[in-house]
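Report on the structure
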Amino acid sequence: MRLPTIFTFCLTAMLFLTGTPATQAHEGHDHDAPQAVATALPRAEAQSGLFELVAVLGPDGTLTIWLDRFSDNAPLDGAVTLTLDGQEIAAQRQGLGLFVARHALLAQPGQRDIVFTVTAGDEMDLLTATLEVPAAPATASPSADFLGLLRELPVQLGIGTGLLLLGVLVGRGSVRRPLPPMVEEAPAQPGPVPAAQKPAVPRRVAVLSLLAAVASAPALASTTAPGTSAPSEASRRLDDGAIFVPKASQRLLTIRTQMTEAGEASASVRMIGTLVPDPNASGRVQPSQTGRLEPGDRGFPTLGQQVERGQILAYVVPTYTAAERGGLIQNAAELDAQITILEARVRRLTTLRGTVAEREIQDAQTELAGARQRRTAIQPALSGREPLVAPVSGVVSTVRGAVGQLVDSAATVFDIVDPSRLWVEALAFERAALDQITGASATLTDGRVIELAFVGRGLTVRQQAVPVNFRVVNPPADAPIGASLLVTLRTARAVQGIVLPADAVVRSAEGPPVVFEHASAERFVPRQVRVQPLDGTRVVVTAGLDAGRRVVIQGAGLIAQVR
């Protein structure tokens, strides 16, 4: 048998021994048959008005216990004691609301009636449950035992080491050695190269493959060794439409519930609004003439900077054409000459006081004062600059200027807003609801809810709707001015139903809104409902749900994604 054939055979045997487990289904799964809808592990659950308990028996005989409060599904910290066939077993605490119990009776097949004694703070209760322990699997055949023995890690390491040594010895024996001097080598003949003169690539490849197989054997054995870890349970949607969510997944998703109660709530109307500054506490800075911008003594104000009323923010230097500037200079010269003449006339009339009428003296003085005022008015146009002053105190929200920029009288250079005084402008399509307003709120884009106070309504219809203004009560400091938000208008009209948080209602795959009823410890049933908005954070369910049910109020969107 040729050497490459020997190495190929060894490699095939090694890969068969180490690779066989990778193609087998690990414990608790069958890759050919579909998975059962029911839970894979034996479990028992019990509940009372105070507590809800789920016990899951693992493959190694360990009983894992989850303890939650019945009303809101929150984990409870306390102590759990089991009574099994008259024997008391204290469960070990593993975390908040998580306990573990071990006993020889839990490994014996059959039906077990268990009494759980639960203590949490000042509350204590007895819960009874029945646990069905499955029978042990049938004894494997001798051939299966032999294959299982070959899959053990020490056996695989031993076989791999032996094959590696065999490959090294055979490789060393096949190395070409020089012939003795007395033996004359035959001259080279054309034709195929003898096997002894071929490169040792196949042998190297075989040795490297054996090393890789031996190195991968521990990993394969670790992934297939039975009993190393309990098979995980995944959430799934059952045939009847309900959703099975194990307690472990409920802890990760932070599922919380609430007991439903029938009551009365105020009907509400929703509309789209915009957050705007209060017109009495905001202002725009605009120049009165065309000019070039210059910064103030402390430079241009920055976004978010606090400014005070009357503070100079920038300057505008007027810009004129040559003809306009020449006309201004001519007018200034004429006014200067006129002022000189009027001053001389006033001095002359003043010296003749008593001989001339007093009225003539006053007229001359008044004419001189008017000429001086006209000269003062045109002086800034020649050499001065116009200051841009803050009209109100607040925060700079917009800056549209730079050094040397040309602006006209219609341009807005700065916007100043008082963040503590904001309004909401909305359009109401239901005019009748505006006559029964009892309150209003708005939901920002990030989910925060702000309270509103009704200010007034307009008489002019805009986009077939009535404009409505609200004042924001205690607005947040980082409120996004100009952003759209959802306004909820509460009216005096009462509606009967069940009030729930808005997060409890999700949109189903079919379209209608649903809520999830916590039917049992690990079973959630979707219920189609009809809802009306109550405010930014609550809704009222008017149909599809009865009082006294446990409804998911936190994590409903995550449960709806289970398929």
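Please read these numbers as outputs of a predicted model, since none were measured by experiment.

What about the overall build of the chain?
Along the chain, the regular secondary structure elements total eight helices and 32 strands. Of all 563 residues assigned to the chain, the portion counted as buried reaches 37%. Residue pairs in contact within the chain that sit at least 24 positions apart in sequence constitute 70% of those at least 6 positions apart. Carbon and sulfur atoms make up 55% of the accessible area of the chain, which totals about 32,100 Å².

A closer look at the sheet that holds strand 2 (residues 51–57)
Spatial strand order, 1-2-3-7-6: five strands in an open sheet with antiparallel pairing. Here the strands that pair on one side only, and so sit at the sheet edges, are strand 1 (43–47) and strand 6 (92–95). If you compare each strand with its neighbour and ignore which way they point, the axes differ by 25° on average. Across three bridges, the pairing between strand 6 and strand 7 (residues 98–102) is antiparallel. Its bridge partner being in strand 7, Gln92 is matched across the sheet by Val100.

Let's talk about the packing of aromatic side chains
Considering all chains together, one arrives at two aromatic pairs under this definition. When the ring of Phe300 is compared with that of Phe414, the centres are 6.3 Å apart and the planes differ by 45°; the resulting orientation is tilted. Linking Phe300 in the loop between strand 15 (291–295) and strand 16 (306–307) with Phe414 in strand 21 (residues 414–417), this pair joins segments that are 114 residues apart in sequence. Measuring from centroid to centroid gives 5.8 Å for Phe454 and Phe470, while their planes differ by 65°, and the two rings are edge-to-face. With a gap of 16 residues between them, Phe454 in strand 24 (residues 449–457) and Phe470 in strand 25 (residues 466–473) connect regions that are remote in the sequence. Of the residues examined, Phe454 reaches a relative accessible area of 38% and is grouped as partly exposed.

A short note on the pattern of salt bridges
In the structure shown here, the tally under the stated rule is 22 salt bridges. Close ionic contact of Arg523 with Asp240 constitutes a salt bridge, the shortest N to O distance being 2.1 Å. A residue pair is termed long-range when its members are at least 10 positions apart, and Arg523 in strand 29 (residues 523–528) and Asp240 in the loop between strand 10 (236–237) and strand 11 (243–244) qualify at 283 residues. Among the residues examined, Arg523 registers a relative accessible area of 27% and is labelled partly exposed. Looking at Asp240, the relative accessible area reads 52%, which means it is exposed. Among the salt bridges present, the one from Asp415 reaches Arg400, with a minimum N-O distance of 3.5 Å.

Thoughts on the side chain of Asp68
Note on placement: Asp68 falls in strand 3 (residues 62–69). There is a polar contact of 2.6 Å between the side chain of Asp68 and the side chain of Lys247. Separated by 2.8 Å, the side chains of Asp68 and Arg251 make a polar contact. Each residue touching Asp68, except ones within four places of it in the same chain, is listed here: Leu50, Phe51, Glu52, Asn73, Ala74, Pro75, Leu76, Lys247 and Arg251.

Some points on the sheet that holds strand 19 (residues 394–399)
Across a sheet, strands are paired by hydrogen bonds formed along the backbone, either parallel or antiparallel in direction. Pairing is antiparallel across the open sheet formed by four strands, whose spatial order is 14-21-19-16. Either end of the sheet is taken by a strand with one partner, and the two such strands are strand 14 (282–285) and strand 16. Summarising the sheet, strand 19 and strand 21 pair through four bridges and their orientation is antiparallel. Paired with Val396 across the strands is Ile416, a residue of strand 21.

Some points on the nonpolar core
One finds Leu53, Leu63, Ile65, Val80, Leu82 and Phe116 to be the most contacted residues of the largest nonpolar core, which totals 27 residues. Counting only elements with at least two residues in this core, the list comes to strand 1, strand 2, strand 3, strand 4 (79–84), strand 7, strand 8 (110–120) and strand 9 (123–133). Those residues in contact with Leu63 that sit more than four places away from it in its chain are Ala55, Val56, Leu57, Leu82, Phe99, Val100, Ala101, Leu106, Ile114 and Leu131. Core analysis: the second largest hydrophobic core is formed by 23 residues, Val269, Ala426, Ala440 and Ile450 among them.

Some details on the pairing of strand 17 (residues 312–318)
Counting buried positions along strand 17 gives five out of seven residues, so the element sits mostly inside the fold. Note that strand 15 and strand 17 share five bridges and pair antiparallel. Residue pairing across strands places Gly291 opposite Pro318, the latter belonging to strand 17. Examined bridge by bridge, strand 17 and strand 18 (residues 386–389) share four bridges and lie antiparallel to one another. The residue bridging Val316 from the neighbouring strand is Glu386, located in strand 18.

A word on the side chain of Ser268
Considering the arrangement of structural elements, one finds Ser268 in strand 13 (residues 262–277). Setting aside its immediate chain neighbours within four residues, Ser268 contacts Thr488, Leu489, Arg490, Thr491, Pro533 and Leu534.

Quick word on the confidence of the model for the chain
On average, residues of the chain score 80 in pLDDT, and 77% of them reach the 70 mark or higher. Summarising per-element confidence for the chain, the mean pLDDT is lowest in helix 4 (residues 201–224) (46) and highest in strand 32 (residues 550–554) (95). Considering only residues more than four positions removed or in separate chains, one finds that residues 15–38, a stretch of pLDDT under 50, has 30 contacts. Low pLDDT, under 50, characterises residues 193–201; the stretch is placed with three contacts to residues that sit more than four places away or in other chains.

Here we look at the environment of Leu98
Along the chain, Leu98 falls in strand 7. Taking the C-alpha atoms as reference points, Leu98 and Gly78, separated by 20 residues in sequence, lie 9.4 Å from one another.

Looking at the environment of Ala479
With respect to the helices and strands, the residue Ala479 is situated in the loop between strand 25 and strand 26 (484–501). Along the backbone, Ala479 and Arg448 are 31 residues apart, and their C-alpha atoms lie at a distance of 10.0 Å. Excluding anything up to four places from it in sequence, Ala479 contacts Leu275 and Leu422.

Parameters at a glance
- Throughout, residues of each chain are indexed from 1 in the direction in which the sequence is written.
- Given that this is a predicted model, residues contribute local features only at a pLDDT of at least 70 and side-chain atom pairs are listed and counted only at 80 or more, while totals for whole chains, interfaces and linings are drawn from all residues.
- As a rule here, side-chain values come from all non-hydrogen atoms in the structure, and water together with hydrogens is ignored.
- Only DSSP runs of H or I covering at least 4 residues are called helices, and only runs of E covering at least 2 are called strands; the numbering of each starts at the N terminus.
- Partly exposed residues are those whose accessible area sits between 20% and 50% of the maximum for their type, while under 20% is buried and over 50% is exposed, using a 1.4 Å probe and protein chains only.
- Here, two residues are considered to be in contact whenever any of their heavy atoms come within 4.5 Å of each other.
- Each accessible area is a Shrake-Rupley estimate made with a 1.4 Å probe; only the visible protein chains count as cover when residues are assessed.
- Two strands form a pair only when DSSP identifies at least two bridges running between them.
- Where helices are involved, their axes are fitted lines through C-alpha atoms of the stretch in contact, as for all axes, and angles between N-to-C directions lie from 0 to 180°.
- Only Phe, Tyr and Trp rings are paired, with Trp represented by its six-membered ring, and only when their centres lie within 6.5 Å; those with planes under 30 degrees apart are stacked, over 60 edge-to-face, the remainder tilted.
- One speaks of a salt bridge when a side-chain nitrogen belonging to Lys or Arg is within 4 Å of a carboxyl oxygen belonging to Asp or Glu.
- Distance and chemistry together define a polar contact, namely a pair of N or O atoms within 3.5 Å, with one atom able to donate a hydrogen and the other to accept it when in protein, and with adjacent residues in sequence counting only for side-chain atoms on both sides.
- Nonpolar cores were defined as sets of buried Ala, Val, Leu, Ile, Met, Phe, Trp, Tyr and Cys residues, with membership established by side-chain atoms within 4.5 Å.
- A residue's pLDDT is the predictor's confidence in that residue, given on a scale from 0 to 100.

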